[in-house]
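As a plain string of letters, each chain reads:
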Amino acid sequence: MDTQIENIIADIERESCVLIVGPDIVDYGEKNFFELMCEELVKDREAGSMIDTAPGHIFRNEELLQLLPQVKESTIMRQMERFYQKQQSLAEPLTKIARIPFHLVISLMPDHRLPDIYKEQGFPYKYSHYRWDQAPEPVEEPDAARPLIYNLLGDFID
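Just so it is clear, the model here is predicted, and its values are computed rather than measured.

### Some thoughts on the nonpolar core
Consideration 1: Among the nonpolar cores identified, the biggest contains 32 residues, and Val21, Met37, Leu41, Ile76, Leu94, Val105 and Leu114 are the most heavily contacted of them.
Consideration 2: Among the elements of the structure, β1 (19–21), α2 (33–43), α4 (73–85), α5 (91–98) and α6 (113–121) are those that each provide at least two residues to this core.
Consideration 3: Among the elements that take part in this core, α2 stands out by supplying five residues, more than any other.
Consideration 4: If sequence neighbours within four positions are ignored, Leu41 has contacts with Ala47, Gly48, Ile51, Leu65, Ile76, Gln79 and Met80.

The structure is reproduced here in structure tokens:
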């Protein structure tokens, strides 16, 4: 076996390796996940009327977009949530990842897809996420027997 792979396996077993996973785990071809999401949002009549599409207001490299002044963030968040829900191509790689005994998985996807996969497969896990509107809740120290899935971007459900 390749020495580099052996080292990664040893780090996972020692619980000294953290997995950071986001929607670009899937190859979307010429565009990344954010670009595809922006295109769909702009094409959608409701969502498209919320985004400032003037040059310089969609920041592809930073994966940011500018909302029009009158738009509430919660409205565009629902549109983004629907886009995430339609992304079935994420299921296979995330299902495989759930089988690897990482003690800590940092998710950069603001949905419940990853904890749902753990639950469907019967794997124990803990789940927490960033909360912008309140102090974070204490989280037990993660371990490989019951890994922590921490959603760094928050959660659509909250």
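Don't stop here, the text continues.
### Digging into the pattern of salt bridges
Consideration 1: Going through the model one piece at a time under the given rule, you end up with six salt bridges.
Consideration 2: For Lys86, the salt bridge goes to Glu40, with nearest N and O atoms at 2.3 Å. Within this pair, whereas Lys86 is found in the loop between α4 and α5, its partner Glu40 is found in helix α2, the two being separated by 46 residues in sequence.
Consideration 3: Judged by relative accessible area, which is 30%, Glu40 ranks as partly exposed.

### Some points on the sheet that holds strand β6 (residues 148–151)
Consideration 1: Strand order in this open sheet of four strands is β1-β4-β6-β5, and the pairing throughout is parallel. With partners counted over all chains shown, the strands left at the sheet margins are β1 and β5 (126–129), one partner each. The average angle at which neighbouring strand axes cross in this sheet is 20°, direction not considered.
Consideration 2: Pairing analysis gives four bridges linking β5 to β6, with the strands arranged parallel. From the neighbouring strand, Lys126 faces β6, where its bridge partner is Leu148.
Consideration 3: On top of the sheet, α6 reaches β1, β4 (104–107), β5 and β6; it is set at about 160° to β6, its chief contact.

### Section: the packing of aromatic side chains
Consideration 1: Inspection of the entire model under this criterion finds five aromatic pairs.
Consideration 2: Between Tyr28 and Phe33, the aromatic rings sit 5.8 Å apart at their centres with planes inclined by 55°, giving tilted as the arrangement. Phe33 shares its class with Tyr28; the two are buried.
Consideration 3: Taken together, the ring pairs connect Tyr28, Phe33, Phe83 and Tyr84 into an aromatic cluster.

What counts and what doesn't
Residues numbered from 1 in each chain as written. Predicted model: local features only at pLDDT ≥ 70, side-chain atom pairs only at ≥ 80, totals over all residues. Heavy atoms only, no water. Core = buried A, V, L, I, M, F, W, Y, C linked by side-chain atoms within 4.5 Å. Buried < 20%, exposed > 50% of the residue type's maximum accessible area, 1.4 Å probe, protein only. Helix = DSSP H or I, 4+ residues; strand = E, 2+ residues; numbered from the N terminus. Contact = heavy atoms within 4.5 Å. Salt bridge = Lys/Arg side-chain N within 4 Å of Asp/Glu carboxyl O. Pairing = 2+ DSSP bridges. Axes fitted to C-alpha atoms, helices over the stretch in contact; angles between N-to-C directions. Phe/Tyr/Trp six-rings, centres within 6.5 Å; stacked < 30°, edge-to-face > 60°.

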